[in-house]
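The lines below spell out each chain.
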Amino acid sequence: MPATPGVNQPGATDSGAIRNFCIIAHIDHGKSTLADRMLQLTEVVDPRQMRAQYLDRMDIERERGITIKSQAVRMPWTIREGERAGDGAVLNMIDTPGHVDFTYEVSRSLAACEGAVLLVDAAQGIEAQTLANLYLAMENDLTIIPVLNKIDLPAAQPEKYAEELANLVGCLPEEVLKVSGKTGVGVPHLLDEIVRRLPAPVGDAQAPARAMIFDSVYDIYRGVVTYVRVVDGHISARDRIKMMSTGAVHELLELGVISPEPVKSGALGVGEVGYLITGVKDVRQSRVGDTVTINTRPAAESLGGYKDPKPMVYSGLYPIDGSDYPDLREALDKLKLNDAALVYEPESSAALGFGFRCGFLGLLHLEIIQERLEREFGLDLIATAPNVVYRVVMDDGKEVVVTNPSEYPVGKVAEVYEPTARVTVLAPNDYVGTIMELCQGRRGVLLGMDYLSADRVELRYTLPLGEIIFDFFDQLKSRTKGYASLDYEPAGEQAAELVKVDILLQGETVDAFSAIVHKDKAYNYGTTIAAKLQKLIPRQQFEVPIQAAIGSRIIARETIRAIRKDVLAKCYGGDISRKRKLLEKQKEGKKRMKMVGRVEVPQEAFIAALSTSDSAGDAGKSKK
Amino acid sequence: MPATLPDGEPMPPTGELPGSALDGAADRPFGVYLHVPFCASRCGYCDFNTYTPTESGLDQTDYVTAALAEIAFARRVLGTDRPVRTVFVGGGTPTLLPPGDLARLLAAIDDAWGLAPDAEVTTEANPESVNPASLKTLREAGFTRISLGMQSTAPHVLRLLERRHTPGRAAEAAQEARAAGFEHVNLDLIYGTPGETAADFDRSLAAAVAAGVDHVSAYSLIVEEGTRLAGRVRRGEVPMPSDDVAADRYLAAETALDAAGLHWYEVSNWAADDAARCAHNLLYWTGGDWWGIGPGAHSHVGGVRWWNVKRPAHYAKLIAEGVSPGAGRELLTGEDRYVEDVMLRLRLASGIALADLRDGGPPAARTALADGLLDPHEYAAGRAVLTLRGRLLADAVIRDLLT
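Residues numbered from 1 in each chain as written. Chains lettered and ligands numbered in written order. Predicted model: local features only at pLDDT ≥ 70, side-chain atom pairs only at ≥ 80, totals over all residues. Heavy atoms only, no water.

A.B. asks: I'd like to hear about the overall build of chain A, residue by residue, with values.
C.D. replies: The helix and strand inventory of chain A stands at 14 helices and 34 strands. In summary, chain A has a C-alpha radius of gyration of 28 Å against a globular reference of 25 Å for 624 residues, a match within 12%. Counting only C-alpha atoms and orienting by the principal axes, one finds that chain A spans roughly 90 × 65 × 55 Å. When the 624 residues of chain A are sorted by exposure, 56% land in the buried category. Of all intrachain contacts in chain A linking residues separated by at least 6 positions in sequence, the fraction that spans at least 24 positions is 70%. When the 75 basic and 86 acidic side-chain charges of chain A are each reduced to a single mean position, those positions are 8 Å apart. (Helix = DSSP H or I, 4+ residues; strand = E, 2+ residues; numbered from the N terminus. Rg over C-alpha atoms; globule rule 2.2 N^0.38 Å. Buried < 20%, exposed > 50% of the residue type's maximum accessible area, 1.4 Å probe, protein only. Contact = heavy atoms within 4.5 Å. Lys, Arg positive; Asp, Glu negative; His and termini not counted. Charge placed at Lys NZ, Arg CZ, Asp CG, Glu CD.)

Shown next, in the form of structure tokens:
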């Protein structure tokens, strides 16, 4: 059924008819499928154009089932049944990134909404990240509509999880809606309830314009597309806009709404959500969280809440083939256009050659960038083990910020500070013991523990961020058979007894293997890496000692014995061609070796030694 | 399963060589290799192109006819007269052919090109396939050198290698050969066989020395893909031979043979004096020309390498039709020839002139010298010659010199 005529007119919509909402859900709890049903029911997508996961654009999103970049879709809806049936409304569904690394982006998306649909799989219950985002939504005073999805599944336990959600949200279990995104059951009722339960946006239509940027996406044809939510006033397509954080003024090339394809409009008014294009080419010029106003009549105060994205995790990215370095630079330059949080600068490593030290919001951000570099740009990369940022205060009061362990200062260190994170783990209560053991082993401090339901527990810890990025998630998953879920957010810094462990091959420090670790773990790190390398580096013509050291103190040692025989016994008439071809192949292989002093180290040894898993033990041990 | 042939370009049916291959041919030594692809049984470690009577699909008489036809074919392709400096009959087990057949084949080579007056004429033999009478016939037919597959004197080693002769038979055959008038006799040894102890190999070395031969070849056992031995290693029935053990055995061979007056002249070959060295093999290692007759045989003439089809019946059919039995060939570039030259000459006690090294070769030679892999006296005299430790790491030194 089409919307009431006159209501759905961008720039002229009564703010009382607008409902801005987002969907908070865990990765595979069915958000995209539910969104598909909404697009169909509101008839904004032609049935012939419909495809699964309509709103997910990037391949990686579709494959991993996660949404990295949000979008806002405008959908007209007329209440079908019950109270106020026949009332027309305009729904703006603002998509939120679903992962822990993008907390700040999530918070901006939430700030653009009055309400949130809390979508939970009726067979699995709520996950830690969803819970974290729910808390974030509640802090932003959003009205929450709890919804259980996948009620068509045989394993669904709607009663059990309705109770869990009701406890969390503070409502009655029967107020929890039940839908199936797959079959569409309950979705029209959900749309009706969104109109009925969520408040309309409130703003001063006469005041100077203020709109909050909640997303900013680079498009190769259009330049940067900026998504905004108008809070006060009115932006028209003829205006020149001003970014309040920088004061930069831009001509508006286009203004419009997404429904779900872009539709140009003359203006956007109070409460409306839409996009604007100014011709800037870099998302850094149009930053999430910033306030847009009109140059001729600027607002006096910004909406607040703007933060510069701050990289929390660093890793060195190096091309396996050194001649790909310019391609890597070009690829990073391209990705940066669409990623205000990605930072990088050139660095060189004695072991790995020329590369870039890159800063990321978190591990997933790192993985996504690495994967895109490899997939979209065809690069073969070695990534050094990720590390956090340390603040080192020297005896003379000088302060050094360390983003690369090999640059840890030499000299008298007074104090070292490491970043910490507040961690939330949700798990069945059977695993409480094992999770506590893991967190304590990682220098965690228990903040609290709550039962969400009879058998599900929420554990809250403070942990050093450096401990989390080193295979914490994998450990958590494997120790809880995959049942635990994790969320973390930065929580300041703490002084800690940290040391730098160097790995030496034949007396030469291999910068790529240096790590900053807690003093109690230094020995363990040293012996683990030395033992791995002993297996990974082929025997050389001479004996190669592998040492782990803190400063000049050796804490672990392994030896690669010298190879004693490397000669083919026979080389007669029929062997010559084959032997020559073998030599040529070996010469090619030699080119892929990295030299550490005189030691030839296969690329595979770096990759395997730097990976946090133990499974990569036998790569590179092939015979020459 | 015999090892596979290299990849190359197709062989022209006429066997015709590019003109450049024959330029200056008269100045290069020329040899003939004759491949006899028959064995009474296949040894478990062997990947040579050889067949038991039931496998071959060609009887021995037809093989001799085909080989004679290829000798005539080769004579036509090469055109000019070239005295044959060396003949080497290998296999397989050449001595499975009646001595009269080997004599006929040698006579045909002599008829085609003419044997040089001091030609070296070698045949390989298994100890159990010769006797005083057959050796006498071979000697009278013009064979000057015999190479016997001794491998080991340890019964359990011979058993694992699936060799048929008894431990004492090889030394006995060597003495019979000397009695029949063979001045040059070689014994082949294999070391590093799983189950072989250091003492086993010392005894094999002592037996070879005691047999009074003037040449010994010693090879580390290689587990070649596709052999029965490889299958047994894969299934874990037999341990993989260890490189460290092979290095120890090699050092033992050098000590025992050198003490007995046999000096290394190639990584795996020791001889009593210059005359005892295998001239035919030296021709392989110094870029000489040779024509390989028989199935799977390789040839080299003036920078062209080619190889015959492997199956005996296929080979015989092609040659009967007057078509080249070549399965493929490669025309070596200047760079290829340089790589081969370094790769082959560095294995020799004569080494390679430092002045002949290109690109990164000279600095790599300096490093190898500093690492004790090249002989300092020879280096001072302008040659790169491997030390004993260098011989064990010859492939690594070759790779370095070619960077």
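A.B. asks: Just give me the short version of the packing of helix H9 (residues 432-441) of chain A against helix H11 (residues 472-479) of chain A, but keep the residues and values in it.
C.D. replies: Helix-helix packing is characterised by the crossing angle of the two axes and by the distance between the axes. Residues and elements named next belong to chain A. At their nearest, the axes of H9 and H11 sit 10 Å apart, and the two run at 160° to each other. Here H9 is positioned roughly antiparallel relative to H11, judged by the angle of their axes. At the point where H9 passes H11, the crossing takes the right-handed sense. Each of Thr434, Ile435, Leu438 and Cys439 in H9 lies in contact with H11, whose residues at this interface are Phe472, Gln475, Leu476 and Arg479. (Axes fitted to C-alpha atoms, helices over the stretch in contact; angles between N-to-C directions. Parallel < 35°, antiparallel > 145°, perpendicular 65-115°, else oblique. Left-handed = near helix turned anticlockwise from the far one by under 90°.)

A.B. asks: With reference to specific residues and values, describe the pairing of strand E2 (residues 72-78) of chain A.
C.D. replies: All names here are of chain A. The buried fraction of E2 is high, at seven of seven residues. In E2, alternate side chains face the same way, and those of Ala72, Arg74, Pro76 and Thr78 on one face and Val73, Met75 and Trp77 on the other are all buried. Here E2 runs beside strand E3 (residues 88-94); their pairing, made up of seven bridges, is antiparallel. Bridge pairing in E3 places tryptophan 77 opposite alanine 89. (Pairing = 2+ DSSP bridges.)

A.B. asks: Could you give an account of the environment of A:Ala155, naming the residues involved and the relevant values?
C.D. replies: Residues and elements named next belong to chain A. Among the structural elements, alanine 155 can be located in the loop between strand E5 (143-149) and helix H5 (158-169). Sequence-wise, alanine 155 and alanine 123 are 32 residues apart; in three dimensions their C-alpha atoms are separated by 5.4 Å. If we ignore the near neighbours within four places in the chain, the residues touching alanine 155 are Ala122 and Ala123.

A.B. asks: I'd like a rundown of the sheet that holds strand E4 (residues 115-121) of chain A, residues and numbers included.
C.D. replies: Residues and elements named next belong to chain A. Judged by pairing direction, the sheet is mixed, and its six strands sit side by side in the order E2-E3-E1-E4-E5-E6 without closing on themselves. The sheet is open, and its two borders are formed by E2 and strand E6 (177-178), each paired with just one other strand. Both E5 and E6 contribute to a ladder of two bridges, which runs parallel. Its bridge partner lying in E6, valine 147 is registered against leucine 177. Lying on the sheet, helix H4 (residues 128-139) is in contact with strand E1 (18-25), E4 and E5; it crosses E1 at an angle near 150°. The sheet strands contacting helix H6 (residues 187-197) are E1, E2, E3, E4, E5 and E6, and the helix crosses E5 at an angle near 170°.

A.B. asks: Report on the pairing of strand E15 (residues 273-277) of chain A, specifying residues and quantitative values.
C.D. replies: Residues and elements named next belong to chain A. In terms of burial, E15 is largely enclosed, as five of its five residues are buried. Burial of the side chains of E15 extends over both faces: Val273, Tyr275 and Ile277 are buried on one face and Gly274 and Leu276 on the other. The pairing of strand E8 (residues 223-232) with E15 spans five bridges and is classified as antiparallel. Residue pairing for E15: valine 225 is matched across the bridge by isoleucine 277.

A.B. asks: Account for the packing of aromatic side chains, naming residues and giving values.
C.D. replies: According to the stated counting rule, one finds 16 aromatic pairs over all chains in the structure shown. Between A:Tyr572 and B:Tyr219 the ring centres are 6.3 Å apart and the planes differ by 85°, which places this aromatic pair in the edge-to-face class. In this pair, A:Tyr572 is assigned in the loop between strand E32 (553-560) and helix H13 (576-591) and B:Tyr219 in strand E6 (residues 215-220), connecting two distinct chains. Like B:Tyr219, A:Tyr572 is buried. By way of ring pairs, the aromatic residues A:Tyr325, A:Tyr344, A:Phe354 and A:Phe356 are connected into one cluster. A:Arg391 extends its terminal NZ or CZ atom over the ring of A:Tyr417, reaching a point 4.3 Å from the ring centre. (Phe/Tyr/Trp six-rings, centres within 6.5 Å; stacked < 30°, edge-to-face > 60°. Lys NZ or Arg CZ within 6 Å of the ring centre and 35° of its normal.)

A.B. asks: Can you explain the sheet that holds strand E12 (residues 254-258) of chain A? Please cite residues and give values.
C.D. replies: Residues and elements named next belong to chain A. Pairing is antiparallel in the open sheet, where eight strands are placed in the order E11-E10-E16-E7-E8-E15-E12-E13. Looking at strand neighbours, the two that pair on one side only are strand E11 (249-251) and strand E13 (262-264), the edges of this open sheet. Mean inter-strand twist for the sheet, computed between neighbouring axes without regard to direction, equals 40°. When E12 meets E13, the two strands line up antiparallel, connected through three bridges.

A.B. asks: Outline the domain arrangement of chain A, supporting the account with residue identities and numerical values.
C.D. replies: Here chain A is partitioned into domain 1 (15-197), domain 2 (210-294), domain 3 (314-384), domain 4 (405-496) and domain 5 (499-610). Relative placement of domain 2 of chain A and domain 5 of chain A: their C-alpha centres are 54 Å apart. (Domains from an automatic or database assignment.)

A.B. asks: Please give an account of the pattern of salt bridges that cites residues and values.
C.D. replies: Taken as a whole, this structure holds 62 salt bridges over all chains when the rule is applied. With its nearest N and O atoms 2.3 Å apart, the salt bridge here joins A:Glu254 to A:Arg222. Placement of the pair is A:Glu254 in strand E12 and A:Arg222 in the loop between strand E7 (210-219) and E8, with a sequence separation of 32 residues. The buried category is assigned to A:Glu254, whose relative accessible area is 8%. In this structure A:Arg222 comes out as partly exposed when scored by relative accessible area, which is 37%. With a shortest N-O distance of 3.0 Å, A:Glu399 and A:Arg391 are connected by a salt bridge. One continuous salt-bridge network, built from bridges that share partners, spans A:Arg580, A:Lys581, A:Glu584, B:Arg305, B:Glu330, B:Asp336 and B:Glu340. (Salt bridge = Lys/Arg side-chain N within 4 Å of Asp/Glu carboxyl O.)

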